[in-house]
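# Descriptive analysis of the structure
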Amino acid sequence: MPGILYVVATPIGNLEDITYRAVRVLGEVDLIAAEDTRAAQVLLDRYGVRRPLLSYFEGNETERAADLVARLGAGEHIAVISQAGTPAVSDPGYRVVVAALAAGVRVEVIPGPSAAVTALVAAGLPTDRFLFLGFPPRTEARRRELFAGVRTLEATLVLYEAPGRVGETLADLAAALGPRPAAVARELTKLYEEVVRGTLPELHARYAATPPRGEVTLVVAGAPAGAALEAEVDLTAELRAAVAAGRPLREVAAELALRTGKSRHAIYQLGVALKKG
């Protein structure tokens, strides 16, 4: 009989935030595949768990997933843990889950902490509908395209960001979404936990020159009701007016992409065609 793959959520900061079930499973499996073996060892030592550890991170995930599935097929029970939080949610784990399911291996998820849900609740913004965006693209153009694409959604937006890029990301969010209420949550469940609330421009002004420290989760209010209808733009009319006014087409295409969520390249090509016509 094949073994069982356990996807185990672990604390995002405070080591007390782990379930009895998670500790029991970690103590019973044949192997623990960990994103960060040093951080994993600290957690395991805290609860007296003595099980073999295997490094399983983004750089070796594809190769290790195949090895783990082979071991599962041979009957071993294996747990996968990330450095913090729930594996496969912006962390390694997805590939081994997919491979295990394809091989007919049973997968059990041991639920627990998640920075996204913790920040969502702490932000004080609507929680009935939310969209998790993970880590946004690193380039400004791709970030703005992503944010423009969700500007009419009425769901609260949740995303992760590296501390050094928080200022730039807040600027792009403000440019695409306007002065919406938002929150910057950092070091959740840790000693220096902080949740700063304000509008996107206010938060950008706060963090533009002084990036926050520690792990950061951003939460942004969704679009107001009816925003999708208000956002409808007559691209042809806008582009004709811009061409007539002699404005640079690339600049206009970038603005319209932010307003509509449509491809900047496609808008630019439409403008070129209209200009020729």
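Check the entry above for the structure.
Read on for a plain summary of the structure. (Residues numbered from 1 in each chain as written. Predicted model: local features only at pLDDT ≥ 70, side-chain atom pairs only at ≥ 80, totals over all residues. Heavy atoms only, no water.)

### Some remarks on the pattern of salt bridges
To be explicit about the condition: Take a side-chain nitrogen of Lys or Arg and a carboxyl oxygen of Asp or Glu: if they are within 4 Å of each other, that pair is a salt bridge. Secondary structure elements follow DSSP: runs of H or I no shorter than four residues count as helices, runs of E no shorter than two count as strands, and numbering proceeds from the N terminus.
If you walk through the whole model with that rule in mind, you get 16 salt bridges. With a closest N to O distance of 2.9 Å, Arg144 and Asp172 form a salt bridge. In this pair, Arg144 sits in helix α6 (residues 140–149) while Asp172 sits in helix α7 (residues 166–177), placing the two residues 28 residues apart along the sequence. Between Arg206 and Glu194 there is a salt bridge; the shortest N-O distance is 3.7 Å. One end of the pair, Arg206, is in helix α8 (residues 200–207); the other, Glu194, is in strand β9 (residues 194–199), and twelve residues separate them in sequence. One salt-bridge network, in which partners are shared between bridges, spans Glu140, Arg143, Arg144, Glu168 and Asp172.

### Comments concerning the sheet that holds strand β3 (residues 53–55)
Put simply, the rule reads: Whether two strands pair depends on DSSP finding at least two bridges between them. Lines fitted to C-alpha atoms define the axes here, with helix axes fitted over just the stretch in contact, and angles between the N-to-C directions of these axes take values from 0 to 180 degrees. When checking whether two residues touch, look at their non-hydrogen atoms; a contact exists if any pair is within 4.5 Å.
Pairing is parallel in the open sheet, where five strands are placed in the order β3-β2-β4-β1-β5. The sheet is open, and its two borders are formed by β3 and β5 (106–110), each paired with just one other strand. When the angles between neighbouring strand axes are averaged without regard to direction, this sheet yields 25 degrees. Lying on the sheet, helix α1 (residues 20–28) is in contact with β1 (4–8), β2 (31–34), β4 (78–81) and β5; it crosses β5 at an angle near 135 degrees. Where helix α4 (residues 94–102) meets the sheet, it contacts β1, β4 and β5, and its direction lies at approximately 155 degrees from that of β1.

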